[in-house]
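Report on the structure
As a plain string of letters, each chain reads:
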Amino acid sequence: MELPAYLQSLQERTAAVVEAEIAPRSSQVDQAAQWPAHSMKALGEAGLLGLMVPAALGGHGQGLLGLSVITEAIGRACPSSALCFGMHCVGTAVIAAKATEFQQEHYLRAIAEGRHITTLALSEHGSGAHFYVPQTRIEDTGQHFLVDGTKQFVTNGGHADSYVVSSVASSDSDAGDFSCLIVDSDSAGMNWLDPWLGFGMRGNSSRPLHLDRVQVRHENLLGEEGDQVWYVFEVVAPFFLMAMAGTYLGLAQAALDVTGEHLRARRYTHSGESLRDIESMQTRYAEMWMAVEKTRALIREASRRGDINHPEALPFILSCKADAGDTVVRVTNEAMTLCGGAAYRENSRIGQMLRDARAAHIMSPTTDLLKLWAGRSLLGLPLL
Ligand SMILES: Cc1cc2nc3c(=O)[nH]c(=O)nc-3n(C[C@H](O)[C@H](O)[C@H](O)COP(=O)(O)OP(=O)(O)OC[C@H]3O[C@@H](n4cnc5c(N)ncnc54)[C@H](O)[C@@H]3O)c2cc1C
């Protein structure tokens with residue numbers, strides 16, 4: 001599938017930023033568990049933070065396809081940076097979905113100008129992978145909302161300028177059952193808990209956030225009463241799934257590339273044979289390539305259908321992140337085997353890839369839940 005010309009130009013712009021600024025510091029991000037400020041700055045300077053902002057507000061007006069293509073380009077070099085950028089884009093898409101004039105001027109224009117980073121704070125320990133049932137509560141005092149609760153795994157935690165926080169109303173207030181609000185980073189009562197020290201995705205600064213009666217102005221409530229389910233399944237889930245599918249596809253492609261280079265370069269002195277001359281290596285490499293290409297085709301088709309609101313988009317969208325998760329874990333694992341001892345060294349590039357890949361199955365919606373939902377949707381059953 002050929003990409004639209006405008007998206008191709010964004011892809012090339014991203015590739016240039018990745019080569020100059022992001023790739024050279026990818027292993028440092030992993031080893032120091034360092035939030036990739038340099039990546040977000042470079043992406044902002046290249047005008048890419050406004051990927052999901054409507055063109056009328058100075059952004060690029062991209063949808064699911066654009067999100068998957070750009071996160072793939074970043075994920076090839078630095079999956080942590082792709083995750084941070086992807087979560088910023090999902091947060092932006094959630095704000096943009098029903099943005100009021102205030103939200104457009106205050107948040108979306110600043111994002112388009114590269115001056116504002118946002119992110120998604122939905123998950124909680126209490127409901128775990130079931131991110132759509134928050135226990136964080138909001139209370140409407142008449143003057144403002146008060147937000148109380150604890151979020152876990154907030155990517156860009158402590159670094160973003162705002163957080164899209166999900167909550168339930170503490171009473172029958174006008175806020176509805178489930179609401180998303182934009183919480184500014186400098187609000188009083190935001191307490192960051194443990195720093196992120198992950199097995200992989202070590203630069204994403206995914207931290208717990210305790211919100212202690214945080215005051216939020218009424219203008220920061222997203223959407224209208226009663227559209228909570230619409231938000232979760234029409235905006236949060238598709239954009240999140242595409243950002244993650246793109247990130248993991250990029251990572252799988254990188255593992256394939258590194259393996260190809262190694263199979264060509266590694267030569268035995270006793271026989272003069274290189275690894276690529278061995279038949280079983282050729283077969284296994286072809287299987288890795290097939291998995292990556294099949295995943296890319298599914299993601300492209302899912303995003304194409306999602307962007308045109310195709311009536312049968314749902315099982316494609318649900319499946320593509322589950323499939324990307326299966327592919328990236330399989331391909332990085334194969335890369336580790338095919339590249340042998342060189343890959344098994346401490347802090348090797350493939351070692352990092354394998355660790356980063358493992359996040360794919362446990363980030364919500366998890367692979368288990370996505371396969372379940374895809375099956376239910378294909379069989380004509382409600383998702384929940
Ligand atoms: C690197 C990273 C970044 C993250 N970034 C963000 C972020 O920016 N914002 C955010 O809101 N969250 C984020 N998360 C959180 C993530 O989306 C999940 O909410 C979190 O990982 C769930 O962890 P848990 O241990 O509570 O899962 P649990 O709920 O304990 O689940 C454990 C396992 O049980 C399985 N399981 C649970 N219920 C079922 C079921 N009914 N059927 C079948 N299997 C089931 C799950 O699939 C999972 O594999 C991030 C997580 C990670 C690892």
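In the annotation of an unreviewed UniProt entry, the protein chain is listed under the name Acyl-CoA dehydrogenase and assigned to Stutzerimonas zhaodongensis. Heading Cofactor (unreviewed entry) of the UniProt record for the protein chain holds this comment: "FAD". Comment text from UniProt for the protein chain, heading Sequence similarities (unreviewed entry), reads "Belongs to the acyl-CoA dehydrogenase family."

**Observations concerning the environment of V154**
You can see V154 is positioned in strand β3 (residues 145-154). Taking the C-alpha atoms as reference, V154 lies 23 Å from C320; in sequence the two are 166 residues apart. Apart from residues lying up to four places away in sequence, V154 is in contact with T119, A121, Y163, S206, R207 and L209.

**Remarks on unusual backbone geometry**
The residue after S364, namely P365, is reached through a cis peptide bond having omega -10 degrees. Turning to its location among the elements, P365 is positioned in the loop between α12 (359-362) and α13 (367-378). We note that N156 has phi near 70 degrees; this positive angle belongs to a residue other than glycine. Its location among the elements puts N156 in the loop between β3 and β4 (162-169). Overall, the presence of 27 C-beta atoms within 10 Å leaves N156 in the buried class.

**Considering the site of the ligand**
Taken together, 24 residues lie around the ligand, and G128, F153, T155, S364 and T366 are the ones closest in. Listing elements by their share of the shell around the ligand, those giving two or more residues are β1 (120-121), β3, α12 and α13. In terms of residue count, α13 provides more of the shell around the ligand than any other element does, three residues in total. When residues of the shell around the ligand are sorted by domain, at least three fall in each of domain 2 (120-222) and domain 3 (228-378).

**Concerning the domain arrangement of the protein chain**
When cut into domains, the protein chain gives domain 1 (5-112), domain 2 (120-222) and domain 3 (228-378). On the side of domain 3, 10 residues touch domain 2, which itself brings 12 residues to the contact. Here the side of domain 2 that touches domain 3 is built from residues that sort into seven nonpolar, four polar and one charged.

**Describing the packing of helix α9 (residues 314-338) against helix α11 (residues 349-357)**
α11 packs onto α9 with a crossing angle of 160 degrees between their chain directions and a minimal axis gap of 9 Å. The pairing of α9 with α11 is recorded here as roughly antiparallel in orientation. Crossing of α9 against α11: the hand is left-handed. Residues V328, V329, T332, N333, A335 and M336 of α9 form the contact with α11, whose own contacting residues are I350, M353, L354 and A357.

**Some thoughts on the pairing of β4**
In terms of burial, β4 is largely enclosed, as six of its eight residues are buried. Examined bridge by bridge, β1 and β4 share two bridges and lie parallel to one another. Each residue of the ladder has a partner; that of A121, found in β4, is V165. The pairing of β4 with strand β5 (residues 178-184) spans seven bridges and is classified as antiparallel. Bridged to V168 within β5 is F178.

**Things to note about the nonpolar core**
Ranked by internal contacts, the top residues of the largest apolar core, which has 114 residues, are V90, L181, F239, Y248 and A255. The dominant element in this core, judged by the number of residues it contributes, is helix α7 (residues 228-265), at 20 residues. Apart from the residues lying within four places of it in its own chain, the contact partners of Y248 are G75, A324, G325, V328, A357 and A360.

**Looking at the packing of α9 against α13**
For the pair α9 and α13, the least separation of the axes is 9 Å and the interaxial angle reads 150 degrees. Comparing the axis directions of α9 and α13 gives the class roughly antiparallel. Crossing of α9 against α13: the hand is left-handed. Two secondary-structure elements touch here, α9 through L314, P315, L318, S319, K321, A322, G325 and D326 and α13 through T367, L370, K371, W373, A374, S377 and L378. Counted by class, the contact of α9 with α13 contains eight nonpolar, four polar and three charged residues.

**Here's the deal with helix α6 (residues 101-112)**
Among all positions in α6, only Y107, L108, A110, I111 and A112 are buried. Those residues of α6 that are buried lie in contact with α5 (79-97), β4 and β5. Just beyond α6, the residue with positive phi is G114, at close to 75 degrees.

**Quick word on the UniProt feature "domain: Acyl-CoA dehydrogenase/oxidase C-terminal" (unreviewed entry) in the protein chain**
Those places that UniProt annotates as "domain: Acyl-CoA dehydrogenase/oxidase C-terminal" (unreviewed entry) correspond, in this numbering, to residues 243-376. In residues 243-376, the share of helix is 78% and the share of strand is 0%. The end C-alpha atoms are 23 Å apart.

**Notes on the pairing of strand β7 (residues 207-216)**
Where β3 meets β7, seven bridges bridge the pair, whose relative direction is antiparallel. Its bridge partner lying in β7, V147 is registered against V214. Relative to β7, strand β6 (residues 190-192) runs antiparallel, the two being bridged by three bridges. Within β7, the position partnered with W192 by the bridge is L209.

The rules behind the values
Residues numbered from 1 in each chain as written. Predicted model: local features only at pLDDT ≥ 70, side-chain atom pairs only at ≥ 80, totals over all residues. UniProt positions renumbered as here; feature names shortened; annotations may be inferred. Helix = DSSP H or I, 4+ residues; strand = E, 2+ residues; numbered from the N terminus. Contact = placed C-beta atoms within 7 Å. Buried ≥ 20, exposed ≤ 12 C-beta atoms within 10 Å, placed from the backbone. Near = placed C-beta within 6 Å. Domains from an automatic or database assignment. Nonpolar A, V, L, I, M, F, W, Y, C, P; charged D, E, K, R; others polar. Axes fitted to C-alpha atoms, helices over the stretch in contact; angles between N-to-C directions. Parallel < 35°, antiparallel > 145°, perpendicular 65-115°, else oblique. Left-handed = near helix turned anticlockwise from the far one by under 90°. Pairing = 2+ DSSP bridges. Core = buried A, V, L, I, M, F, W, Y, C linked by C-beta atoms within 7 Å.

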